[in-house]
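Per-entry structural report
Chain by chain, the residues:
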Amino acid sequence: MAQITITVEDIASSVPDKKIKLLKFAGQLDESNVDDKAKEIYSIIDAVPQGLFLIFDFEKLEYMNSKSIGYLTDWYSKLSEKKGGILIANARPNITDILQVVGITQLVPCVGSVDEAKIAVMK
Amino acid sequence: MSSWFPAIASTILAAFPVIIWIEIIHREGEEKSLYIKTFLLGTLAVIPPFILIWLFDRYPQLDIYSEINSTVEQIALAALLTNIVVGIIEELAKNVIVRVVDKRHPEYFQTITSALKLSLCAGLGFAFAENIFYFYNVWTNPSFGYGDLFSTFIFRSLFTMAGHMLFSGIFGYYFGVGKFASDITEFARWEGREFSFARWIAKITGKMTYQVVREFKNLTGLLLAMGLHAAFNVSLDLEHKLPSILIVVFGAAYIAYLLQTKSGHLLFSIGKRRSSTMASRDQDVVMELLGMWTREGKYMEVIQICDRLLARDPDNNVVKLFRAKAGDNQELKHFYTTLKDVFRDEEKGLKAAGGGAAAQTVLLPMQDEKVVLELMDQWYREGKYKQALDVANRLLERNPNSQGAKVLLDKAMDREKLRRMFDALSKLFTD
């Protein structure tokens, strides 16, 4: 079973109606763990009624399978409905490559660092 | 009168429908010479059955037909067994022609549709050669008159020729699928199909799974062709024309459907392929996602991903297949949604009218009208005139100025009248 850890941090927001959380991924998201981890992320999304922005720090994410991309689009849809969103930071070239081909980068901005992501959210 | 005259005249008679059928098969931009060559080769497919007849004549102990007739008492069973043999021999002969053309000119078979169309031509060639003998026999037999010749000409040019073409066409489709089995099997694997039996056979025989799938497809096509051929002949031998007519009508509709699928027209890259600019493991993730979203019915997303992936891996046949299938499925989905909307809106309209309020006609948007017209056109071409008529009437209630609906309504009405007349006639024959 592949290892994946996701740590969640709250980030102070200067915009009152925006709530920001930083999720740091380390390891590999694959068939063996993606469903369990997805549930955790759904519970984070469900806990905030409006304006939640998630910054996914993919610096230490080595691999994501197709199912995790499916979940990513679903999280994006759920958050968009609640006037929130997702930003991806620090993704490795291979993961950015996959996300670009799949077209996720047209919906979810991919930026070079967590700081850039924070600035983008607070605009 | 010279003894050659009936032979020449029969050949000319048999050639008339060929010209029309080839025109129907041929599409602008396609090389007609390919069809003509395959048609001519198809005429050679009558040789093996004639050799067999000659052999049976010379060595009666080998004559399987008289063996069946002398041992089987039930007429229907004897007809069935005889025609199974006929189906096997004739379809095998046509099948060999298709395989020979593919072996000599693999460049002719670059799409499933081209395999199907060339098989249609091989079947046409066989039917043409067979027709010459039938016309000649009727012409030279003093017990038949010109009326018999005319009815034989009409029936054999329309139904028997169409029958031979569609039996071969069905084989051709499976032959095409089998030809590209390597890509099609991989595509199916990404879609989540297991091929357990084929894998097991491959393990036993030491072949690749796709090679086993190819043989399965060829065998399926051949068995279907033989089965339909036998059923068609049995129906005629027992003088029940309706089943044979139904076989031809439904078979033709199926062939027409296969001919217009996007996946059928997909040009498979053969020979040297350009390599992908995406890492193999990453591409696998995308392929897996394509399979997943195809199963979930996210066809638009699949098409978009395929377009982006093809920019990175232009010769990937599996991605092309995903795109083509998604296109086909998207169209079907659109048809159903639009139709559902038409029915739902109509129901609403009826309820409003029933409630005493003046029912307001809501115009169907032009885009949706186009979809409905396309469906009607498809039904019209498939011979589903009644359905086309119903929808045309409903569409005209919504969009009274729709020229397309008016034209199709008129055409469908004419055809429906003809169909009813034909049904009545065939009932008369059957009774």
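Shown above is the structure to which this text applies.
Just so you know, these numbers come straight off a predicted model, no measurement behind them. (Residues numbered from 1 in each chain as written. Chains lettered and ligands numbered in written order. Predicted model: local features only at pLDDT ≥ 70, side-chain atom pairs only at ≥ 80, totals over all residues. Heavy atoms only, no water.)

**What to know about the overall build of chain A**
Formally: In this text, helices come from DSSP runs of H or I with a minimum length of four residues, and strands from runs of E with a minimum of two, each type numbered from the N-terminal end. With residues, only the protein chains shown are counted as cover, and all accessible areas are computed by Shrake-Rupley using a 1.4 Å probe.
What chain A contains, in helices and strands, is four helices and five strands. Of the regular secondary structure in chain A, the N- to C-terminal order runs β-β-α-β-α-β-α-β-α. As presented, chain A carries roughly 5,800 Å² of accessible surface, and 51% of it is formed by carbon and sulfur atoms.

**A few points about the overall build of chain B**
To keep things clear, this is the line we draw: Note on classification: 1.4 Å probe, protein chains only; a residue is buried when its accessible area is under 20% of the maximum for its type, exposed when over 50%, partly exposed between these limits. The criterion used for residue contact is that any of the two residues' heavy atoms lie within 4.5 Å.
Counting secondary structure elements, chain B contains 18 helices and zero strands. Expressed as a percentage of its 431 residues, the buried residues of chain B come to 45%. For chain B, contacts bridging at least 24 residues in sequence account for 75% of all contacts bridging at least 6. For chain B, the exposed surface amounts to about 23,400 Å²; the carbon and sulfur share of it is 62%.

**Let's talk about the side chain of B:Thr82**
Structurally, the position occupied by B:Thr82 is in helix α5 (residues 75-104). Beyond its immediate sequence surroundings of up to four residues, B:Thr82 is in contact with B:Tyr65, B:Ile68 and B:Asn69.

**Notes on unusual backbone geometry**
With a phi angle near 60°, A:Asn90 is a residue other than glycine that sits in the positive phi range. One can find A:Asn90 in the loop between β4 (85-89) and α3 (93-102). Even without being glycine, B:Glu239 reaches a positive phi, approximately 60°. Within the element layout of this structure, B:Glu239 appears in the loop between α10 (209-237) and α11 (241-259).

**Some details on the pairing of strand β2 (residues 19-29) of chain A**
Residue and element names in this part refer to chain A. Rules: Note on pairing: DSSP must find at least two bridges between two strands before they are called paired. Handedness rule for crossovers: strands pointing away from the viewer, path from the first strand over the helix to the second running clockwise, crossover right-handed.
Here strand β1 (residues 4-11) runs beside β2; their pairing, made up of eight bridges, is antiparallel. When the bridges of β2 are listed, Thr7 appears paired with Lys24. Pairing geometry for β2 and strand β3 (residues 52-64), over ten bridges, is parallel. When the bridges of β3 are listed, Lys21 appears paired with Leu54. Of the crossover connections in this fold, the one passing from β2 over helix α1 (residues 34-47) to the parallel β3 is right-handed.

**A few points about α10(B)**
Rules: Expected span of a helix: the number of residues minus one, times 1.5 Å.
Between its first and last C-alpha atoms α10(B) spans 41 Å; for 29 residues at 1.5 Å apiece the expected length is 42 Å, and the two agree. Positive backbone phi, at 60°, marks B:Glu239, one or two positions downstream of α10(B).

**Focus on the interface of chain A and chain B**
So the rule is basically this: Note: buried area is the sum, over both parts, of the accessible area (probe 1.4 Å) each one loses when the two are combined. Any carboxyl oxygen of Asp or Glu within 4 Å of a side-chain nitrogen of Lys or Arg constitutes a salt bridge here. Gly is put with the polar residues, along with every residue not named as nonpolar or charged; the nonpolar set is Ala, Val, Leu, Ile, Met, Phe, Trp, Tyr, Cys and Pro, and the charged set is Asp, Glu, Lys and Arg.
Every contact between the two is made by 17 residues of chain A and, on the other side, 13 residues of chain B. Taking both partners together, chain A and chain B bury about 1,300 Å²; carbon and sulfur atoms supply 60% of that area. Here chain A is connected to chain B by one salt bridge. The partner of A:Asp97 in a salt bridge is B:Arg312, with the nearest N and O atoms 2.7 Å apart. For the side of chain A that touches chain B, the element with the highest residue contribution is α3(A), accounting for six residues. For the side of chain A that touches chain B, the class distribution of residues is six nonpolar, nine polar and two charged.

**Examining the packing of helix α9 (residues 196-205) of chain B against α10(B)**
Residues and elements named next belong to chain B. Short version of the rule: A fitted line through C-alpha atoms serves as each axis, taken over the contacting stretch for helices, and the angle formed by two N-to-C directions is quoted from 0 to 180°. Note on angle classes: values under 35 degrees are labelled roughly parallel, values over 145 roughly antiparallel, values of 65 to 115 roughly perpendicular, and the remainder oblique. By definition, any crossing whose near helix is turned counterclockwise from its far helix by less than a right angle is left-handed, and any crossing with a clockwise turn is right-handed.
Running from N to C, α9 and α10 point in directions that differ by 110°, and their axes come no closer than 8 Å. If you check the angle between α9 and α10, you find them roughly perpendicular. The crossing of α9 and α10 is right-handed. Counting all contacts with α9, which are made through Phe197, Ala198, Arg199, Ile201, Ala202 and Thr205, the residues of α10 involved are Thr209, Val212, Val213 and Phe216. Residues of the contact of α9 with α10, tallied by class, amount to seven nonpolar, two polar and one charged.

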